[in-house]
Amino acid sequence: MVDSARSKNAVLRITQLSTELIAALRAHPRRVAAGVGSALLLSSAGAWALVEAQPQLPPRATVATVYDAGVAAQTEAIASADLHYANSTTVRRQDTVQQLLKRLGVTDPAAVKQLGADARMRALVTAGATPEPVRALVNAQGELLQLSATLPLPAGDSAVPLWRALLVRAGQDGALEVSTTERQMEVRTRLANVPVRGALSTALGQSGVPAAIGTQLVKVFAPQMDLRRSLRKGDQVALVYQVHALDGREVRPGRLLAAEIRTHGTTRQAVWFAASGDAKGAYYTPAGQGLEKAWASSPLPGAKITSPFGMRLHPVRGIREMHEGVDYAAHIGTPVPSVADGRVKFAGVQSGYGNVVKIGHPGGFETVYAHLSSIAVKPGQAVSEGELIGKSGNSGTSTGPHLHFEFHSAGRLVDPQRMASYVPQGKPLPPGEKAAFFAATAVMRTQLAQAAGGGDAAQLARAD
Ligand SMILES: [Zn+2]
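The rules we used
- Residues numbered from 1 in each chain as written.
- Predicted model: local features only at pLDDT ≥ 70, side-chain atom pairs only at ≥ 80, totals over all residues.
- Heavy atoms only, no water.
- Pairing = 2+ DSSP bridges.
- Helix = DSSP H or I, 4+ residues; strand = E, 2+ residues; numbered from the N terminus.
- Donors = N, O, S within 2.8 Å, 3.2 Å for Na, K, Ca; no water.
- Buried < 20%, exposed > 50% of the residue type's maximum accessible area, 1.4 Å probe, protein only.
- Contact = heavy atoms within 4.5 Å.
- Phe/Tyr/Trp six-rings, centres within 6.5 Å; stacked < 30°, edge-to-face > 60°.
- Salt bridge = Lys/Arg side-chain N within 4 Å of Asp/Glu carboxyl O.

Details of the pairing of strand 6 (residues 162-170)
- Across 7 bridges, the pairing between strand 5 (residues 144-152) and strand 6 is antiparallel. Across the sheet, residue Q146 finds its bridge partner in strand 6, namely R169.
- Direction of pairing for strand 6 relative to strand 7 (residues 176-184): antiparallel, over a ladder of 9 bridges. When the bridges of strand 7 are listed, L162 appears paired with Q184.
- In sequence, strand 6 turns back onto strand 7 through a hairpin of 5 residues, with G174 there showing a positive phi of about 90°.

In structure tokens:
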């Protein structure tokens, strides 16, 4: 029944499944031997045998039995035929424990009922993507013999990701025992030197750099340049990044630690650093200049300017006077964010301004947001760049819904459209963090130099 083409497939499948089967053999030598026995009855392939999945099982399920059995064991095996199915699947969006078990070939109602009510199994299906497939060993009656999976735990204080190993085992009496153990992922550092020949994503893919690292890279340099569009053939990208491994296998990408872009004769570098009390961290130049833009270009980028800064005929009072800000067209209720980190100086009603918010920013800058329909902040409150401070409206002296925005530098009014030439380009290192920054990024800078100088040979070299 096993022809030569299928035998080849069989060997392939046997190779893939051998680990599970060896484990199964250790756990249940008698039952596996039994399965082998029945397979041997159907096959002339000797010590290697394969039986295709039975039709009621999911198509991915394959029964494979590997055994180099003596005649005595085979004879014993034939007496109690019982096949084992080593199945695996991944957790899907909006999975239930029942659906997961069904895909694994578990049909035993008692197992489905017990595990469906188990909090740890429920945590598994709500955890989303797990680093490894969920594996199960099931017998021909759809009874679960063993199930193993990993699920993420909240990072907490740990710098390395924590995972919980979940194991379900059938005891002697057939009852299922669920146990969990905490495991730490191994964090590895990798270097890559990526010669650009076409699209950046293709170049990264050909060098084995995970797509998620490419996404981080594009984001890091986004305030300076659009890497997806501006790289040309002959440019070079060097990377230092982390991958997370479980049991020696790399299961998911980690963080981009450092990057260098060589394009059009210029070199740009970025290193990651977490200042004390900031686990998220940020990217800086090797000299410590922040790469993340500290100031947005405007509170409503892309909104039409209906009245610029400067002298104008006042639309309500009908006299020539200074327009102290810029008016942006905005529907009532448009969310208005702060253009930079700062502290609220005033939030309330002020004559012609209507509902107005004034924010003081480091470096002696102040921004004003007027004619708001609602205010979302209180005086004295710290706000971050991009944080909602209110919604646009038509309050105060106003001819229609719009946002009036002012920018002050050292107490003097400045045209908000020229704001970028006054404010710092990147977020600076927090005060007192310089020494820590150079110490923490020294290794990364060395690795980046290695990656950048190594040519193609440096591709995917292990740095740990
Ligand atoms: Zn105005």
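A short note on the coordination of the zinc ion
- In this structure, H323 (NE2), D327 (OD) and H404 (ND1) serve as the protein donors to the zinc ion, at separations of 2.0 to 2.2 Å.
- Taken in sequence order, the residues that donate to the zinc ion follow the motif H-x3-D-x76-H. Linking D327 in strand 17 (residues 326-329) with H404 in strand 24 (residues 402-409), this pair joins segments that are 77 residues apart in sequence.
- Relative accessible area serves as the criterion here: at 6%, D327 is assigned to the buried category.

Structural notes on the environment of K391
- Tracing the chain through its elements places K391 in strand 23 (residues 388-392).
- Assessed through its relative accessible area of 34%, K391 is described here as partly exposed.
- Between the C-alpha atoms of K391 and P337, which are 54 residues apart in sequence, the distance is 8.6 Å.
- When sequence neighbours within four positions are dropped, the list of residues in contact with K391 reads G333, T334, P335, V336, L372, S373 and S374.

Digging into the packing of aromatic side chains
- Inspection of every chain in the model, using the stated rule, returns 9 aromatic pairs.
- Relative to F407, the ring of F365 lies with its centre 5.7 Å away and its plane at 20°, an arrangement referred to as stacked. In this pair, F365 sits in strand 21 (residues 365-375) while F407 sits in strand 24, placing the two residues 42 residues apart along the sequence. You'll find F365 and F407 in the same group, each marked buried.
- Residues F407 and Y422 carry aromatic rings whose centres are separated by 6.1 Å and whose planes lie at 70° to one another, so their mutual orientation is edge-to-face. Remark: Y422 occurs in the loop between strand 25 (412-414) and strand 26 (426-428) and F407 occurs in strand 24; sequence separation between them is 15 residues.
- F407 gets classed as buried once you look at its relative accessible area, which sits at 0%.
- What links up through ring pairs into an aromatic cluster is the set F273, Y284, F437 and F438.

Some points on the pattern of salt bridges
- Inspection of every chain in the model, using the stated rule, returns 10 salt bridges.
- For E250, the salt bridge is made with R190, and the minimal N-O distance between the two is 3.2 Å. Within this pair, whereas E250 is found in strand 10 (residues 249-263), its partner R190 is found in strand 8 (residues 186-195), the two being separated by 60 residues in sequence.
- On the accessibility criterion, E250 (32% relative accessible area) is partly exposed.
- What makes R190 buried here is its relative accessible area of 17%.
- In this structure, D226 and R229 form a salt bridge, with 3.1 Å as the shortest nitrogen-oxygen distance.
- Each of E186, R188, R190 and E250 takes part in salt bridges that share partners, so that together they form one network.

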